[in-house]
Amino acid sequence: MIGTVITGSSFYHLISYVLEDKKDLSEEEKRERSLRDGVQHKDRAEILAFNDCFGDKYEMAEQFRDVARLSKRVEKAAFHLSIRLAEGDHLTKDQLIELGEALVKEFNVADHQYLMVFHKDTREQHFHIVANRVGYDGKAASDSNSYRRMAAFCRKQEEKLGLTQVLSPKAFLSKDQQLIPRQDQRRTNLKDHIRNTLRKVNDYPAFEKAMHSLGYTVIKGRGISFIDGKKVKIKGSDVGFPLSKIERILSLKKELAHKQHEQRNFESLSRKQSGKKNHYTDNDRPQYNSGSSPVPGIQNLANLIEWLLQPEMTGNTIPYELTQEAYDREQKRKRKRQSH
């Protein structure tokens, strides 16, 4: 499980967020996301537990503020605690409530005002707790080392409940534990989506459209970044696909498609001249190497594209086609061809 802790000053905005549906989504968008994710994106919020608070968001926010005023020293009295289970893990409603109650005890706000709300808009189960750091005695629960405390709490509960063991943030691990390879499923998914999409398309507009259909918002500037459905932004360079590499692959694919078209035209003309009928399909068409094909470079281009599609490239040696010398020669050759 993954836990987060945020300390803020606005009870109203926090309570509004945990209680209300996603106002920024239209009904059609909610239906589409529900079909895509297999979860209900309407009426996402369900109250699991609460302590010393009642009414609508306005009334509860005022109640929290009244108690917070008992301390003149605390500027940020709003505690926002949240837990998200790992993919594939599942707890019953009673288990989720017990987990939430253990969490408020861990942060010493079990006797304070709090509201626990379960959200249903993601594949992974998750809930939020709005708690008042200030108690009725005017004393405030400490927010020091909150991320370290949350990480320790999650690891303890994973073991207790038999859930997937998730590594804590590196800053909270020993030096030996920090050396353990970490798998980030979100980045792994993005890397696979980029690679598979680049195999299917030949130009950038088609690439961006395909990534959008997979649930990503694409931001292109000097580099390229991708924002997934959970609003997490990842740079293309962080998963082995910077903008320059994506554009290079698409350029090479366009050139390969042109050469393959020339190849098909040549084969068609050759069969007509020899009086033979076309018995070939796209799947069983003869393969030509760069030495025998009437349109040279097809196999070299295909090999280069496949090499570039691998996000992790080991070794210090790169194909000649990727060197600056080869690039300059290719550009010179294109300019010379265009001038004739």
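Computed from a prediction, not measured in an experiment: that's the story for all the values here.

Here's the deal with the overall build of the protein chain
- Of the regular secondary structure elements, the protein chain holds eleven helices and eight strands.
- By residue count, 39% of the 340 residues in the protein chain fall in the buried class.
- Summarising the internal contacts of the protein chain: among those between residues at least 6 apart in sequence, 66% fall at separations of at least 24.
- Just so you have it, the protein chain exposes about 21000 Å², and 49% of that area is on carbon and sulfur atoms.

Considerations on helix α7 (residues 185–200)
- Over its 16 residues, α7 extends 23 Å from the first C-alpha to the last, a length consistent with the 22 Å expected when each residue adds 1.5 Å.
- For α7, every residue scored as buried is listed here: Leu190, Lys191, Ile194, Arg195, Thr197 and Leu198. Here the buried residues of α7 occupy an arc of 165° about the axis, which is enough to place them on one side.
- Buried residues along α7 sit in contact with α8 (204–213), β7 (224–227), β8 (233–235) and α9 (243–274).

Quick notes on the pairing of strand β4 (residues 114–119)
- Summarising burial for β4: six of the six residues are buried, a large majority.
- Neither face of β4 is open: one carries Tyr114, Met116 and Phe118, the other Leu115, Val117 and His119, and all of them are buried.
- With six bridges joining them, strand β2 (residues 45–51) and β4 adopt antiparallel strand pairing. For Ala45, the partnering residue across the bridge sits in β4 and is His119.
- In the sheet, β4 pairs with strand β5 (residues 126–132) via six bridges, with the strands oriented antiparallel. Across the sheet, residue Phe118 finds its bridge partner in β5, namely Phe127.

Thoughts on the packing of α7 against α8
- Between α7 and α8, whose axes approach to 10 Å, the crossing angle comes to 140°. Here α7 lies oblique to α8, going by the angle between them. Seen from above, α7 lies across α8 with right-handed handedness. Residues Leu190, His193, Ile194, Thr197 and Leu198 of α7 lie in contact with α8, whose contacting residues are Phe207, Ala210 and Met211.
- Looking at the contact of α7 with α8 residue by residue, the class counts come to six nonpolar, two polar and no charged.

So, the packing of aromatic side chains
- A complete count under the given rule lists six aromatic pairs for this structure.
- Summarising the aromatic geometry, the rings of Phe11 and Phe64 are spaced 5.1 Å apart at their centres and angled 50° between planes, so their arrangement reads as tilted. Of this pair, Phe11 sits in helix α1 (residues 11–19) while Phe64 sits in helix α3 (residues 57–68), placing them 53 residues apart in sequence. Across the pair, exposure class does not vary: Phe11 and Phe64 are buried alike.
- With centroids separated by 6.4 Å and ring planes inclined at 85°, the aromatic side chains of Tyr216 and Phe226 adopt a geometry described as edge-to-face. Taken together, the positions of Tyr216 in the loop between α8 and β6 (217–220) and Phe226 in strand β7 put the pair ten residues apart, joining distant regions of the chain. Across the pair, Phe226 and Tyr216 agree in class, each one buried.

Some points on the pattern of salt bridges
- Summed over all chains, the structure comprises 13 salt bridges.
- Notably, a salt bridge pairs Lys93 with Glu46, separated by 2.5 Å at the nearest N-O pair. Separated by 47 residues along the polypeptide, Lys93 in helix α4 (residues 93–106) and Glu46 in strand β2 bring together distant segments of the chain.
- Overall, the relative accessible area of 21% leaves Glu46 in the partly exposed class.
- Shared partners join several salt bridges into a network, and the residues in it are Glu62, Arg65, Asp66 and Arg69.

Some remarks on the pairing of strand β3 (residues 78–84)
- The buried count for β3 comes to six of seven residues, which makes it a mostly enclosed element.
- Across seven bridges, strand β1 (residues 2–8) lies against β3 in antiparallel orientation. Looking at the pairing, Gly8 lines up with Ala78 of β3.
- Judged from the seven bridges that link them, β3 and β5 form a sheet pairing that is antiparallel. Pairing of Leu81 across the sheet is with Ile129, part of β5.

Criteria and thresholds
Residues numbered from 1 in each chain as written. Predicted model: local features only at pLDDT ≥ 70, side-chain atom pairs only at ≥ 80, totals over all residues. Heavy atoms only, no water. Helix = DSSP H or I, 4+ residues; strand = E, 2+ residues; numbered from the N terminus. Buried < 20%, exposed > 50% of the residue type's maximum accessible area, 1.4 Å probe, protein only. Contact = heavy atoms within 4.5 Å. Areas by Shrake-Rupley, 256 points an atom, 1.4 Å probe, with all protein chains shown as cover. Expected span 1.5 Å × (residues − 1). Arc of directions from axis to C-beta. Pairing = 2+ DSSP bridges. Axes fitted to C-alpha atoms, helices over the stretch in contact; angles between N-to-C directions. Parallel < 35°, antiparallel > 145°, perpendicular 65-115°, else oblique. Left-handed = near helix turned anticlockwise from the far one by under 90°. Nonpolar A, V, L, I, M, F, W, Y, C, P; charged D, E, K, R; others polar. Phe/Tyr/Trp six-rings, centres within 6.5 Å; stacked < 30°, edge-to-face > 60°. Salt bridge = Lys/Arg side-chain N within 4 Å of Asp/Glu carboxyl O.

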